[in-house]
Amino acid sequence: MTTRRPGLHVAGIAVTSGDWPGTLLPLRAANAALDDAGLGPSDLTAVIHVGDRAAVGIATAVRDGIGASSLVRTFDVDGGSAGFVSALAVGASLLAGGSAVLITDAEQEGAASVVLTAGEHSNRPPGAHDPLVVRSVSPVRALLDSRTGGHDDVVLVAPGFDGASVRCLFD
């Protein structure tokens, strides 16, 4: 017997670092994550950016920078690592068959990006292995490290928020 795994399908992920001004780091991360997912701007239904209150308009700059200027669903979310978990949940609600959502996050050291898709998840026998549970102030870095470490089933828990979590799957 096999079962479908519930969770978000993470099709692409990227982390960038360096001393790049303004929106260049999130834009670099966005392009790298789209490349990792094998998708282009026309595959997106939304662009979401997670940052602090000073980061208003970054999602629009990323959207325009990747060449998806006609995309209507573009917005910024406040809240750091808890905001990223919220952005994943909002992104999941915007997915439809064959669509993708790009989420970027900027931190002091760099930027990161994740591409979610409405793709199918692998089937596996029940109880084959439990998901890796990660509580991190850098959620995208935690996802990237988990994938690099061979984990395909990760639950991100927002630090400081009881119960705020989202399950992410890599195929």
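Below is a short write-up of the structure. The model shown is predicted, which means the values in this text are computed figures rather than measured ones.

**Here's the deal with the pattern of salt bridges**
(1) Moving on: Counted under the stated rule, the structure contains 2 salt bridges.
(2) Moving on: One salt bridge connects R147 with D36, and the closest N-O pair in it is separated by 2.9 Å. Residue R147 is found in helix α4 (residues 139–148), and its partner D36 is found in helix α1 (residues 24–37); the two are separated by 111 residues along the sequence.

**Some details on the packing of α1 against helix α2 (residues 58–65)**
(1) Moving on: Here α1 crosses α2 at 50 degrees, and the two axes come no closer than 9 Å. Between α1 and α2, the interaxial angle falls into the category oblique. Seen from above, α1 lies across α2 with right-handed handedness. In this structure, α1 uses P26, L27 and A30 to contact α2, whose residues at the interface are I58, V62 and G65.

**A look at the sheet that holds strand β4 (residues 74–78)**
(1) Moving on: If you walk across this open sheet you meet the 8 strands as β4-β3-β5-β6-β2-β10-β9-β8, and the pairing is mixed. On the outer flanks of this sheet lie β4 and β8 (132–135), each paired with one strand and no other. Going from strand to strand, the sheet's axes swing by 30 degrees on average, the running direction of each strand aside.
(2) Moving on: Two elements, strand β3 (residues 44–51) and strand β5 (residues 100–106), share 6 bridges in a ladder whose sense is parallel. Counterpart to V50 in the pairing with β5 is D105.
(3) Moving on: With respect to the sheet, α1 is in contact with β2 (8–17), β3, β5 and β6 (110–117), its orientation differing from that of β2 by roughly 140 degrees.

**Some words on the pairing of β2**
(1) Moving on: Counting buried positions along β2 gives 8 out of 10 residues, so the element sits mostly inside the fold.
(2) Moving on: In this structure, β2 lies alongside strand β10 (residues 165–169), joined through 2 bridges in parallel fashion. Directly across from L8, in β10, lies its bridge partner C168.
(3) Moving on: Both β2 and β6 contribute to a ladder of 8 bridges, which runs antiparallel. From the neighbouring strand, V10 faces β6, where its bridge partner is L116.

So, how was this worked out
- Residues numbered from 1 in each chain as written.
- Predicted model: local features only at pLDDT ≥ 70, side-chain atom pairs only at ≥ 80, totals over all residues.
- Heavy atoms only, no water.
- Salt bridge = Lys/Arg side-chain N within 4 Å of Asp/Glu carboxyl O.
- Helix = DSSP H or I, 4+ residues; strand = E, 2+ residues; numbered from the N terminus.
- Axes fitted to C-alpha atoms, helices over the stretch in contact; angles between N-to-C directions.
- Parallel < 35°, antiparallel > 145°, perpendicular 65-115°, else oblique.
- Left-handed = near helix turned anticlockwise from the far one by under 90°.
- Contact = heavy atoms within 4.5 Å.
- Pairing = 2+ DSSP bridges.
- Buried < 20%, exposed > 50% of the residue type's maximum accessible area, 1.4 Å probe, protein only.

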